Amino acid sequence: MPSARLLVLFGSQTGTAQDVSERLGREARRRQLSCRVEALDSYPVVNLINEPVVIFVCATAGQGDPPDNMKSFWRFIFRRSLPSTALRQMDFAVLGLGDSSYAKFNFVAKKLHRRLLQLGGSALLPVCLGDDQHELGPDAAIDPWLQDLWEKVLGPHPVPLNLDLNPPGVPWPSKFTLQFLKDTPTSGPEELCVAGTDPQGPPSELQPFLAPMVSNQRVTGPSHFQDVRLIEFDISGSGMSFAAGDVVLIQPENTASHVQQFCQALGLDPEQHFTLQPREPGVTCPAQLPQPCSMRRLVSQYLDIASVPRRSFFELLACLSPHELEREKLREFSSAQGQEELCEYCTRPRRTALEVLCDFPHTAAAIPPDYLLDLLPLIRPRAFSIASSLRAHPSRLQILVAVVQYRTRLREPRRGLCSSWLASLDPVQGPVRVPLWVRSGGLTFPKTPGVPVIMVGPGTGVAPFRAAIQERVAQGETGNVLFFGCRRRDQDFYWEAEWEQLQARGCLTLVTAFSREQEQQAYVQHRLRALGPLVWELLDGRGARFYLAGNAKHMPAEVCDTLLSIFREEGGLSAPDATAYLAQLQRTRRFQTETWA
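Criteria and thresholds
- Residues numbered from 1 in each chain as written.
- Predicted model: local features only at pLDDT ≥ 70, side-chain atom pairs only at ≥ 80, totals over all residues.
- Heavy atoms only, no water.
- Salt bridge = Lys/Arg side-chain N within 4 Å of Asp/Glu carboxyl O.
- Helix = DSSP H or I, 4+ residues; strand = E, 2+ residues; numbered from the N terminus.
- Buried < 20%, exposed > 50% of the residue type's maximum accessible area, 1.4 Å probe, protein only.
- Polar contact = N/O pair within 3.5 Å; in protein donor to acceptor, adjacent residues only side chain to side chain.
- Contact = heavy atoms within 4.5 Å.
- Pairing = 2+ DSSP bridges.
- Axes fitted to C-alpha atoms, helices over the stretch in contact; angles between N-to-C directions.
- Core = buried A, V, L, I, M, F, W, Y, C linked by side-chain atoms within 4.5 Å.
- UniProt positions renumbered as here; feature names shortened; annotations may be inferred.
- Expected span 1.5 Å × (residues − 1).
- Parallel < 35°, antiparallel > 145°, perpendicular 65-115°, else oblique.
- Left-handed = near helix turned anticlockwise from the far one by under 90°.
- Nonpolar A, V, L, I, M, F, W, Y, C, P; charged D, E, K, R; others polar.

### Topic: the pattern of salt bridges
Summed over the entire model, instances satisfying the criterion amount to 33 salt bridges. Put simply, R439 and D68 hold a salt bridge, and the shortest N to O gap is 3.0 Å. Of the two residues, R439 is situated in strand β17 (residues 433–439) and D68 in the loop between β3 (53–59) and α2 (71–77); the sequence distance between them amounts to 371 residues. Among the ionic pairs, E344 bridges to R409, the shortest N-O distance being 3.9 Å. With E344 in helix α9 (residues 339–347) and R409 in the loop between β15 (405–406) and β16 (414–415), this residue pair connects regions lying 65 residues apart in the sequence. A residue is classified by how much of its surface remains accessible, and R409, at 53% relative accessible area, is exposed. Where salt bridges share partners, they join R23, E27, R31, D139, D143 and R311 into one cluster.

### Observations regarding the side chain of R466
In this fold, R466 is placed in helix α14 (residues 463–474). Owing to a relative accessible area of 4%, R466 belongs among the buried residues under this scheme. In terms of polar contacts, R466 uses its side chain to reach the backbone carbonyl oxygen of A387, at 2.9 Å. The contact partners of R466, leaving out residues within four places of it in the chain, are A387, S388, H393, Q398, W495, E498 and W499.

### Some remarks on the sheet that holds strand β10 (residues 247–250)
Read across the open sheet, the six strands follow the order β13-β10-β17-β8-β9-β14; overall the sheet is antiparallel. Taken across any chain shown, the strands that pair with only one partner, and hence form the sheet edges, are β13 (382–385) and β14 (396–402). Neighbour to neighbour, the strand axes of the sheet diverge by 40° on average, direction disregarded. Bridging between strand β9 (residues 228–234) and β14 involves seven bridges; their strand directions are antiparallel. Looking across to β14, one finds that D234 is bridged to R396.

### A word on the nonpolar core
Counting residues in hydrophobic clusters, the biggest one holds 42 residues, and the most contacted among them are F262, L266, L298, F313, F314 and L372. Ranked by the residues each element gives to this core, the list is headed by helix α7 (residues 311–320), at six residues. Among residues more than four places away in sequence, those in contact with L372 are F262, L266, L268, M295, L298 and L303. Judged by nonpolar contacts, the second largest core, of 30 residues, contains V228, A467, L508 and Y547.

### Observations regarding the UniProt feature "binding site: NADP(+)" (unreviewed entry) in the protein chain
The residues that UniProt annotates with the feature "binding site: NADP(+)" (unreviewed entry) are T460, S515, R516, Q521, A522, Y523, V524 and Q525. Every residue in contact with T460, bar those within four places of it in the chain, is listed here: V228, L400, A402, Y494 and W596. Here V524 falls in the buried class, since its relative accessible area comes to 4%. The contacts of V524, once residues within four sequence positions are left out, are V456, P458, F483, F484, G485, A513 and M555.

### A word on the sheet that holds strand β12 (residues 293–294)
Reading across the sheet, the three strands line up as β7-β11-β12 and stay open at both edges, with antiparallel pairing between neighbours. Two strands lie at the open edges of the sheet, namely β7 (176–180) and β12, each paired on one side alone. In the sheet, β7 pairs with strand β11 (residues 273–278) via five bridges, with the strands oriented antiparallel. Counterpart to L178 in the pairing with β11 is L276.

### Observations concerning helix α19 (residues 555–569)
Taking 1.5 Å of rise per residue, 15 residues should cover 21 Å, and α19 covers 21 Å from first to last C-alpha, within 8% of that figure. The elements touched by buried residues of α19 are β18 (453–456), α17 (524–530), α18 (532–542), β21 (545–551), α20 (575–587) and β22 (591–596).

### Comments concerning the pairing of strand β8 (residues 209–218)
Here β8 runs beside β17; their pairing, made up of four bridges, is antiparallel. When the bridges of β17 are listed, A211 appears paired with V434. Taken together, the five bridges between β8 and β9 define a ladder with antiparallel strand orientation. Within β9, the position partnered with R218 by the bridge is R229.

### Some remarks on the packing of α19 against α20
For the pair α19 and α20, interaxial distance at closest approach is 9 Å and the crossing angle is 120°. Considering the angle they form, α19 stands oblique to α20. Note that α19 runs across α20; the crossing there is right-handed. Residue-level inspection shows C560, L563, L564, F567 and R568 of α19 in contact with α20, the latter providing A575, A578, T579, Y581, L582 and L585. Taken together, the residues of the contact of α19 with α20 break down into nine nonpolar, one polar and one charged.

Below, the structure written as structure tokens:
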């Protein structure tokens with residue numbers, strides 16, 4: 001019997017790395033291995049020196065950034081004071097999740113792998129580079145890598161064939177049991193805690209502030225392809241404060257019609273109350289979930305029934321299905337050989353978990369309630385750049401939200417859960433409260449007086465720069481240069497009047513790029529290049545800071561290429577020196593980015 005003790009640590013931004021880590025845990029237990037699965041920032045990192053075998057599963061967020069739930073670990077592991085023999089007793093493997101269309105593909109996994117080697121760790125395998133762009137998704141790299149991993153971990157002690165206590169096709173025990181209550185609770189545990197009146201601290205994920213929505217205004221023209229909203233909240237009495245560059249996190253809900261559809265498909269009573277009990281010691285219940293809780297509350301506010309399900313969803317459904325034909329199809333979808341068909345059925349058309357359950361009605365109706373939290377991930381909060389300053393709008397918080405809606409081959413259009421939910425709320429019709437809290441963002445603006453800033457924010461990427469400009473103008477700072485791009489002046493030029501008023505006061509230099517208003521499309525990088533002498537003078541002559549926000553796909557790389565061109569042509573630098581100059585700006589945080597997929 002193998003004696004290895006396995007630890008799986010994950011850094012996950014959207015839930016994929018966590019899902020892969022839990023799959024690793026299940027496969028380890030099937031092989032009789034003791035295995036723990038934890039988020040990196042939940043694990044006491046100083047204990048790594050006592051761990052014999054550790055598997056790290058890491059996503060790469062933004063422009064090569066670590067996910068939020070591994071940032072503390074990231075800072076610790078790169079301390080220069082750590083000795084080169086700190087992890088000499090540890091065997092490790094790193095599994096990365098990324099997207100090869102981005103310049104820093106799997107940057108976090110690659111960098112972590114190198115750092116663990118520097119600290120004396122022994123690599124069991126080369127780093128695994130899961131790629132969202134592969135036609136079969138990350139599993140194309142993960143499946144063969146896991147086969148090699150188990151051979152390395154088990155070594156000369158493979159599990160005897162007659163000792164597989166939990167073979168494939170048999171459902172693993174649920175994490176929790178639902179104890180249904182005979183009577184409906186008379187008190188009101190269903191209400192979210194309202195922070196701000198609590199002396200323990202500002203609002204957080206465990207205690208969000210129920211902010212009244214003041215206004216919800218569409219700010220794109222009626223003929224524009226996208227619905228973009230400027231939404232304002234009243235945060236009086238919340239205890240929240242924020243600075244330019246910070247973000248607000250919002251906890252969305254499923255629609256009432258989807259909740260009803262889900263409960264009908266699974267034969268659940270929405271008004272039934274339950275308490276949640278973990279099956280194993282050391283496992284804690286989700287802290288956000290009230291006890292007791294109604295099924296309606298669980299499905300409405302916690303279970304992500306609108307997400308596109310992952311392979312593990314089909315694997316568990318296959319184990320739970322009593323219907324032969326449905327079970328065979330689900331097994332095919334969860335097998336390594338069935339990944340192309342799963343991609344065609346689910347991933348490419350963005351079919352939701354709810355829609356899959358409706359396609360497999362006999363299976364859905366047989367799902368034991370105990371397995372709900374194993375089958376479906378919890379709804380994750382969505383982050384939005386704060387688009388206002390408390391100096392300009394006291395007790396108010398504003399965000400700019402692009403409502404996500406697009407079509408695939410499915411009949412119903414695909415809709416973003418949070419943006420569509422926010423767009424549906426109308427404070428004119430009656431009071432609306434939204435659970436939210438704030439946290440520090442990736443952008444920090446200079447506190448030293450007189451330092452100019454150059455901001456490049458096409459589309460909704462301009463949101464954090466509105467907060468920064470409002471804050472800086474209130475402080476008397478006039479060295480504000482904004483490059484803004486959109487399609488058409490009369491359709492999606494956000495805050496046009498506000499910018500022009502600030503420009504007339506001498507507080508702002510505004511440079512615009514309207515990409516569809518001339519024969520040859522023009523973007524912010526073209527305007528940046530045209531003003532190369534100004535950009536170089538501000539950066540090299542006056543010590544300006546450079547900020548970039550917006551879609552992460554192509555724009556950041558194109559802006560960086562434009563800067564390198566400016567450094568060569570306006571600064572007279574060689575290509576290597578221009579690259580080094582840009583790297584120096586990034587290293588000293590004079591060049592900061594906040595991008596999203």
